[in-house]
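Working through the structure, step by step
The primary structure of each chain is shown beneath.
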Amino acid sequence: MRYFVAVAEEKHFGRAAQRLHIAQPPLSAQIKQLEQELGTQLFERTTRRVDLTPAGELLLERATGILSAVESAQSDVADVGAGSAGVLRVGFTGSATHELMPAAIRLSHHRYPSVRLKVFGELLTPHMEQALLDNRMDLAVLRPPISSDELNYKPIMDTRLALAISRNHPLAEDSGPVSPEDVMNIDVVSYPRESAVASLAYQACREHGFRPRVVQTATETSTLNALVAANIGVAFVPYSAQYPFQESIVLRPLQTDITVSLGIAWKGDALTPIAENFITTTIDAAAKLPQPDVAYPDITGRDKTDRNRTRKS
């Protein structure tokens, strides 16, 4: 078909042969064989030129589209094989939705514009675990621990715990670190208990001899922020340099060594190229996020600014 298109466009067997980098006799033999297979004449041949027959004109129109589709298919298949095209289903934990998720998506679109992301935001770790196991997601940006041995996990970053407070709350008058003991007798709005952030927050409270007075829970981070902004209660959240609702919410770092981890999980040992690319992209996006420049004094008042010390729970 490529030989036919070359002859049809050049209207000359010699020039077509040069264009195809083959000798003229094999080219003439191929065109003759094509005419025999189709049972019709494709060219009117004279000593000076070659013209298309009506059947040849129709075949040229169809052949051009077919060859274009073949080339497109070859390119698309190669792109998918290299991980630079295709569809990827990614879940994000709620506290990563407002900062890391847009950064990762923006960088992925810049690097791989032919990759289409199907994103699921504001989900808890157990829900994303099940979605990975059921093959409803390809990757999940979540907070450990992960309960299933079928899933693999790669860490992205560790973050200090903080307290989100309405600007109208008395605790918002100070901007420094807050002790978990300061939360002992005030209302708290929280992620559900199965949330990794809630589990670590409860641990911090237990270490100070009390249980938080949870008055309402919310699965979605946006809902939790709305409850804090409405002064229904304070909320334990991962510390962030860029936090939503900043006009109505104050974020104070929590005076504890407990950190909350964030990573990316997938099912099975093998990763597709498109998934590998997105993992690298997400890690790169996380590294470019602005880091909070705050000190974290411990309970005794000694200043701790080492952000690399983490405590796994």
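What comes next concerns the included structure. (Residues numbered from 1 in each chain as written. Predicted model: local features only at pLDDT ≥ 70, side-chain atom pairs only at ≥ 80, totals over all residues. Heavy atoms only, no water.)

1. Topic: helix H8 (residues 196-206)
When you tally the buried positions in H8, you get nine out of eleven residues, the bulk of the element. Within H8, the full set of buried residues consists of Ala196, Val197, Ala198, Leu200, Ala201, Tyr202, Gln203, Ala204 and Cys205. Buried-residue contacts for H8 involve strand S6 (151-166), strand S7 (187-190), strand S8 (213-217), strand S9 (235-238) and strand S11 (259-267). The N-cap residue of H8 is Ser195: its side-chain oxygen and the backbone nitrogen of Val197 are 3.2 Å apart. (Buried < 20%, exposed > 50% of the residue type's maximum accessible area, 1.4 Å probe, protein only. Helix = DSSP H or I, 4+ residues; strand = E, 2+ residues; numbered from the N terminus. Contact = heavy atoms within 4.5 Å. Polar contact = N/O pair within 3.5 Å; in protein donor to acceptor, adjacent residues only side chain to side chain.)

2. A short note on empty space enclosed by the protein
For the structure shown, the criterion picks out two cavities of 30 Å³ or more. Along the walls of the largest cavity sit Thr93, Gly94, Ser95, Leu123, Leu124, Thr125, Arg143, Tyr191, Ser195, Ala196, Val197 and Thr219, which together make up its complete lining. Elements that contribute at least two residues to the lining of the largest cavity include exactly helix H5 (94-97) and H8. Here the lining of the largest cavity is built from residues that sort into five nonpolar, six polar and one charged. Counted as a void, the second largest cavity has a volume near 30 Å³. Lining the second largest cavity are Val189, Ser190, Tyr191, Val197, Ala198, Ala201 and Phe236. The set of elements that each furnish at least two residues to the lining of the second largest cavity consists of S7 and H8. If one sorts the elements of the lining of the second largest cavity by residue count, H8 sits on top with three residues. When its residues are assigned to classes, the lining of the second largest cavity shows six nonpolar, one polar and no charged. (1 Å grid on protein atoms, 1.4 Å probe; cavity = no way out; pocket = protein on both sides within 12 Å on 5 of 7 lines; lining within 4 Å. Points joined across faces, edges and corners; volume = space filled by probe spheres on them. Nonpolar A, V, L, I, M, F, W, Y, C, P; charged D, E, K, R; others polar.)

3. A closer look at the packing of aromatic side chains
With the rule as written, the count across this model stands at two aromatic pairs. For the pair Phe4 and Phe43, a centre-to-centre distance of 5.4 Å together with 50° between the ring planes defines the contact as tilted. Pair noted here: Phe4 is in helix H1 (residues 2-10) and Phe43 is in strand S1 (residues 43-45), with a separation of 39 residues, a long-range link. Of the two residues, Phe4 and Phe43, neither departs from the other in class, the shared state being buried. Ring plane angle 65° and centroid distance 6.2 Å describe the contact between Phe13 and Phe43, whose orientation is recorded as edge-to-face. Of this pair, Phe13 sits in helix H2 (residues 13-20) while Phe43 sits in strand S1, and the two are 30 residues apart along the sequence. The exposure class assigned to Phe13 is buried, which follows from its relative accessible area of 9%. The class of Phe43 is buried, set by a relative accessible area of 1%. Members of the aromatic cluster, each reached through a chain of ring pairs, are Phe4, Phe13 and Phe43. (Phe/Tyr/Trp six-rings, centres within 6.5 Å; stacked < 30°, edge-to-face > 60°.)

4. Topic: the pattern of salt bridges
Following the criterion strictly, the structure yields ten salt bridges and no others. Between Arg19 and Glu9 there is a salt bridge; the shortest N-O distance is 2.6 Å. On the criterion of sequence distance, the pair formed by Arg19 in helix H2 and Glu9 in helix H1 is long-range, its members being ten residues apart. Since its relative accessible area comes to 38%, Arg19 is described here as partly exposed. On the basis of relative accessible area, Glu9 is assigned to the partly exposed category, the value being 45%. Between Asp284 and Arg111 there is a salt bridge, with the nearest N and O atoms lying 2.9 Å from each other. Placement of the pair is Asp284 in helix H10 (residues 273-287) and Arg111 in helix H6 (residues 100-111), with a sequence separation of 173 residues. You can call Arg111 partly exposed: its relative accessible area is 34%. (Salt bridge = Lys/Arg side-chain N within 4 Å of Asp/Glu carboxyl O.)

5. Describing H1
Turning to H1, its buried residues are Phe4, Val5, Ala6, Val7 and Ala8. The first or second residue beyond H1 is Lys11, which carries a positive phi of 55°.

6. Side note on the pairing of strand S5 (residues 139-142)
By the alternation rule, side chains of S5 split into Leu139 and Val141 and Ala140 and Leu142, which are all buried. As paired elements, S5 and S11 share three bridges and run antiparallel to each other. Its bridge partner being in S11, Val141 is matched across the sheet by Ile264. (Pairing = 2+ DSSP bridges.)

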